[in-house]
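# Analysis of the macromolecular model
For reference, the chains in residue letters:
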Amino acid sequence: GGGGGGSGARRRMKRFRASKFRLAEARPARKEAWIRGIRGSSPAASGNHIKTSRRWIVFNTDSAGVLGMVPLECQDGDKRPVSELRCHSGVVADFDFSPFDDQLLATCSAEEVVKVWRLLDSGPDVSSSPKVALGPEGSQVGMVLFHPTADGILASGAQKAVKVWDVEHQQPLTELEPHGDLLQSLAWRPDGALLGSSCKDKMLRIFDPRAGPTACQSVQAHGSGRDSRLLWVNSTGSLLSTGFNEVREREARLWDTRAFHGSLASVTLDASPRPLMPLLDLDIGLLVLMAKGEDVLFCYEVLPGQPALSEVAQCRTESKAHGIALVPKPALDVLACEVMRVLQLTDNAVVPISYTVPRKSLQEFHEDLFPRCTGNVPGASARAWWAGDNGQVQRISLHPAHPPHPAFTSACIPSLLPESRALEPLPVEGQMEELDLSAGSSLSSPTGSLTSPLSATSGFASSPSQRSLQSILGPSSGFRHIQGTVLPRGTHFTNLKGLNLTTPGECDGFCTNRRRVAIPLLSAGGQVAILELSKPGRLPDTSMPTIENGAPVSDLCWDPFDPERLAIAGEDAKIRLWRVTPEGLQKSLVEPEAVLQGHTEKIYSIKFHPLAADILASSSYDLSLRIWDVRSRRQALLLKGHGDQVGRRVAGHGERLGKEKASGGSLRSPPPFVQGRACGTNCYQPS
């Protein structure tokens, strides 16, 4: 009897053994270690709003369509430079790094297109990074997720639909059957075989995308359909979900797909209305939960074998969170027993929070705290995985004595810098060319020279020594000492309410001429306020007359030759021409002077010709560029041939109209007044 009792006790001890992570402590970094100089934000989307690779930290900013980017590691204590990626015209709903290529980033928004970027290495604006576009999806895209084992496989969720993409070939491999309501999260099983989802209809679904579009398993997860999230715990079938119960309390539940009729364990947190953002370290089983707008991190250990969710620690931070992300394992300080690091996105900083396990010796590597983790070399290509290859990612040691693994470059987007980034050699003394400023000369710099001579900028002939110095320091500008000064408050417009801050990224947000300012308002019907520059001051609290465009505003511009004419492009693919009387708006305008129709999808940019009267150019998501004769109110030219969204029009002296092709960065310059199609990267063929 005694022996049997001892054996049972040993089995219970083995089953409920004490965890080495139960004493893990959360320690927010000192303010000196915060990443400052950013403008963090969390739009109304289900993502975590901050993601990391082994090289970069990317986060949502307070500018629609713009992501911020800083290096993960600080070089020699220097301040980390902040770069911007202007990736969409609307709010970026979600983004995700490739688990293998540190430079590969997928983004999505309401534009119905997924974009995959190869990030440039530096610069304040990396929007010219090479990219590919996937779609259109047919509805607003809310989430993207790279495959954990195959290179170039990406899942995207749009409303009720899920697609699996081959990024390299820019084509969908499959579209899963529609969900019963709006998608809320996607999660690949760590071995890459299955894809799980959570949905507003309260259901968790499991798909095998290679076997068919129908869910192979499903179960009701939480009592409420509010924002739920799903994570895989391991490759043997354990899942974790977060959501709300019937009385709107936040909870986390542990599941096993081998017994998918009810949860194995659960924990209830509190009755806060804010949805949880979960992060899970698959190697050590630590779960971090935090909500947008809150300052408390909950940490649990996930124990599928018991099963249990065991509380480890709570940590209160100094600022409210917009989002959280896990730092990749190779970046951890393993000799300090740092087992996990979380990055918290706030209004103006990224705050590191380290989880450490107390050990007597901090001078040696503790194998039990740092099991081998997933490496950065994929187990299969996209086509091989789709054909049935289940190759797994090799695991690597975090021991400091082991050499770091070389970076992996995905075949999805070639790792090549654009030609515009290639540096030409500086001219040497005696080889400087003089810039001809005579009438009719080109304004471009001499071929093969990055600088213009000092005589061209200052009006004085430069000596050989000056030229030598200039070849080192570059040209000197006559405006180098210019300073900006804010005009007195009496010239300001104040009390302006209801501004529309969600216009596409191609729009400047408002426009002005020598008499008036036109400002889109955040109200139904695409209203635009007209302010007279001659009447600054505080605007009235009551409503004022506006232009009621009838559709949300995507861009607007004044006619440079007619100060009373304003062109407004709407999201209904129409351009409306409005006329403001010389006295200004005395009453709201509801009928435009004219309507220009021809585009089949939303217009995102318009611009009047700088030299020719009554000529207007427009570009749209239908991938066309159209030239309008405003006087006759008809389309004069239709330019086609772009394979992706077209960027800003370039109108220099009005002789040529250029468009930048977003996916390849090539410039197409059609000669004026010819109907044609693109025949190369820099020309149009008349037709």
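Residues numbered from 1 in each chain as written. Predicted model: local features only at pLDDT ≥ 70, side-chain atom pairs only at ≥ 80, totals over all residues. Heavy atoms only, no water.

Attention shifts here to the sheet that holds strand 40 (residues 553–559). As summarised here, the arrangement of the four strands in space is 40-41-42-43, forming an open sheet in which the pairing is antiparallel. The strands lining the two open edges of the sheet, one partner per strand, are strand 40 and strand 43 (594–597). Each neighbouring strand pair of the sheet contributes to a mean axis angle of 20°, computed without reference to strand direction. With six bridges joining them, strand 40 and strand 41 (residues 562–570) adopt antiparallel strand pairing. Its bridge partner being in strand 41, Val553 is matched across the sheet by Gly570. (Pairing = 2+ DSSP bridges. Helix = DSSP H or I, 4+ residues; strand = E, 2+ residues; numbered from the N terminus. Axes fitted to C-alpha atoms, helices over the stretch in contact; angles between N-to-C directions.)

Quick look at the environment of Arg634 now. Position of Arg634 among the secondary structure elements: in strand 47 (residues 634–640). Judged by relative accessible area, Arg634 falls into the partly exposed class, the value being 46%. Once the C-alpha coordinates of Arg634 and Val595 are considered, the two residues, 39 residues apart in sequence, prove to be 9.4 Å apart. Apart from the residues within four sequence positions on either side, Arg634 is in contact with Trp628 and Asp629. Within polar-contact distance, the side chain of Arg634 engages the side chain of Ser632 at 3.3 Å. (Buried < 20%, exposed > 50% of the residue type's maximum accessible area, 1.4 Å probe, protein only. Contact = heavy atoms within 4.5 Å. Polar contact = N/O pair within 3.5 Å; in protein donor to acceptor, adjacent residues only side chain to side chain.)

This paragraph deals with the sheet that holds strand 21 (residues 238–244). One open sheet holds the four strands; their spatial order is 20-21-22-23, and the pairing between them is antiparallel. Looking at which strands have only one partner, the edges of the open sheet turn out to be strand 20 (229–232) and strand 23 (265–268). Geometrically, the sheet is characterised by an average inter-axis angle of 15° between neighbouring strands, direction not taken into account.

Next up on the list: the pairing of strand 15 (residues 171–175). One ladder, built from four bridges, connects strand 14 (residues 161–166) with strand 15; its direction is antiparallel. Bridging from a neighbouring strand, Asp166 pairs with Gln171 of strand 15. Joining the antiparallel neighbours strand 14 and strand 15 is a turn of four residues, in which Gln170 adopts a positive phi near 55°.

Tallied over the entire structure, the rule returns six aromatic pairs. Between Phe100 and Phe408, the aromatic rings sit 6.5 Å apart at their centres with planes inclined by 80°, giving edge-to-face as the arrangement. Pair noted here: Phe100 is in the loop between strand 7 (92–97) and strand 8 (104–109) and Phe408 is in the loop between strand 33 (395–396) and helix 3 (454–458), with a separation of 308 residues, a long-range link. Taking the relative accessible area as the measure of exposure, Phe408 reaches 21% and is therefore partly exposed. (Phe/Tyr/Trp six-rings, centres within 6.5 Å; stacked < 30°, edge-to-face > 60°.)

Within the structure shown, the criterion is met by 41 salt bridges. Residues Lys51 and Asp94 are paired through a salt bridge, measuring 4.0 Å at the closest nitrogen-oxygen approach. With Lys51 in strand 3 (residues 50–52) and Asp94 in strand 7, this residue pair connects regions lying 43 residues apart in the sequence. Between Glu294 and Arg250 there is a salt bridge, with the nearest N and O atoms lying 3.2 Å from each other. One end of the pair, Glu294, is in the loop between strand 25 (286–291) and strand 26 (296–303); the other, Arg250, is in strand 22 (residues 250–256), with 44 residues separating them in the sequence. (Salt bridge = Lys/Arg side-chain N within 4 Å of Asp/Glu carboxyl O.)

Another point: the confidence of the model for the protein chain. In this model, the protein chain carries an average pLDDT of 82, and 81% of its residues clear a pLDDT of 70 or more. The low-confidence segment residues 417–473 (pLDDT under 50) makes 56 contacts with residues lying over four places distant or belonging to another chain. (pLDDT = per-residue confidence, 0-100.)

Let us look at unusual backbone geometry. Negative phi is the rule for most residues except glycine; trans is the rule for most peptide bonds. Between Gly135 and Pro136 the backbone carries a cis peptide bond, its omega angle lying at 10°. Here Pro136 is to be found in the loop between strand 10 (131–134) and strand 11 (141–146). Here Gln306 and Pro307 are connected by a cis peptide whose omega angle stands at -20°. Tracing the sequence through the fold places Pro307 in the loop between strand 26 and strand 27 (308–316). In the Ramachandran plot, His49 falls in the positive-phi region, its phi being about 70° despite a non-glycine side chain. In this structure, His49 sits in the loop between strand 2 (35–36) and strand 3. Residue classification places His49 among the buried residues on the basis of a relative accessible area of 2%. You will see that Glu112, though not glycine, has its phi angle at about 70°, which is positive.

The tally for this structure, following the rule as stated, stands at one cavity of 30 Å³ or more. Approximately 30 Å³ is the volume attributed to the largest cavity. Lining the largest cavity are Gln184, Cys199, Lys202, Met203, Ala221, His222, Ser224, Gly225, Arg226 and Ser228. (1 Å grid on protein atoms, 1.4 Å probe; cavity = no way out; pocket = protein on both sides within 12 Å on 5 of 7 lines; lining within 4 Å. Points joined across faces, edges and corners; volume = space filled by probe spheres on them.)

Here the focus is the pairing of strand 24 (residues 276–281). Most of strand 24 is tucked away, with six of its six residues classed as buried. Because side chains alternate across strand 24, one face comprises the buried residues Leu276, Pro278 and Leu280, and the other comprises Met277, Leu279 and Asp281, equally buried. Pairing analysis gives six bridges linking strand 24 to strand 25, with the strands arranged antiparallel. Its bridge partner lying in strand 25, Met277 is registered against Met290.

Relative to the helices and strands, Arg633 resides in the loop between strand 46 (625–629) and strand 47. The class of Arg633 is partly exposed, set by a relative accessible area of 46%. The sequence separation of Arg633 and Ala594 amounts to 39 residues, and the corresponding C-alpha distance is 7.1 Å. Contact partners of Arg633, with chain neighbours within four places excluded, come to Glu593, Ala594 and Leu596.

By size, the foremost hydrophobic cluster in this structure holds 30 residues, and its most contacted members are Leu286, Val288, Leu297, Val339 and Tyr355. If you list the elements that add at least two residues to this core, you get strand 24, strand 25, strand 26, strand 27, strand 29 (338–345) and strand 30 (349–356). Non-local contacts of Leu286, meaning those with residues more than four positions away in its chain, are made with Phe21, Leu279, Leu280, Asp281, Cys299, Tyr300, Glu301, Val312, Val339 and Met340. Residues Leu104, Trp165, Val167 and Cys412 belong to the second largest nonpolar core, which totals 18 residues. (Core = buried A, V, L, I, M, F, W, Y, C linked by side-chain atoms within 4.5 Å.)

Another point: the side chain of Glu301. Summarising the element assignment, Glu301 is placed in strand 26. Lys20 provides the closest opposite charge to the buried, salt-bridge-free Glu301, at an N-O distance of 6.8 Å. In this structure, Glu301 is in contact with Ser19, Phe21, Ile284, Gly285, Leu286, Ala308, Leu309, Ser310 and Val312, ignoring residues within four places of it in sequence. (Lys, Arg positive; Asp, Glu negative; His and termini not counted.)

A few words now on the side chain of Arg205. Following the sequence through the fold, Arg205 ends up in strand 18 (residues 203–207). On the basis of relative accessibility, which here comes to 13%, the residue Arg205 falls in the buried class. Excluding residues within four positions of it along the chain, Arg205 makes contact with His179, Gly180, Leu195, Gly196, Ser197, Cys199, Ala215, Gln217 and Ser218.

This part covers the state of the cysteines. In this structure the tally under the stated criterion is zero disulfides. Cysteine Cys299 is unpaired, with the sulfur of Cys315 as its nearest cysteine sulfur at 9.9 Å. Judged by relative accessible area, which is 0%, Cys299 ranks as buried. (Disulfide = S-S within 2.5 Å.)

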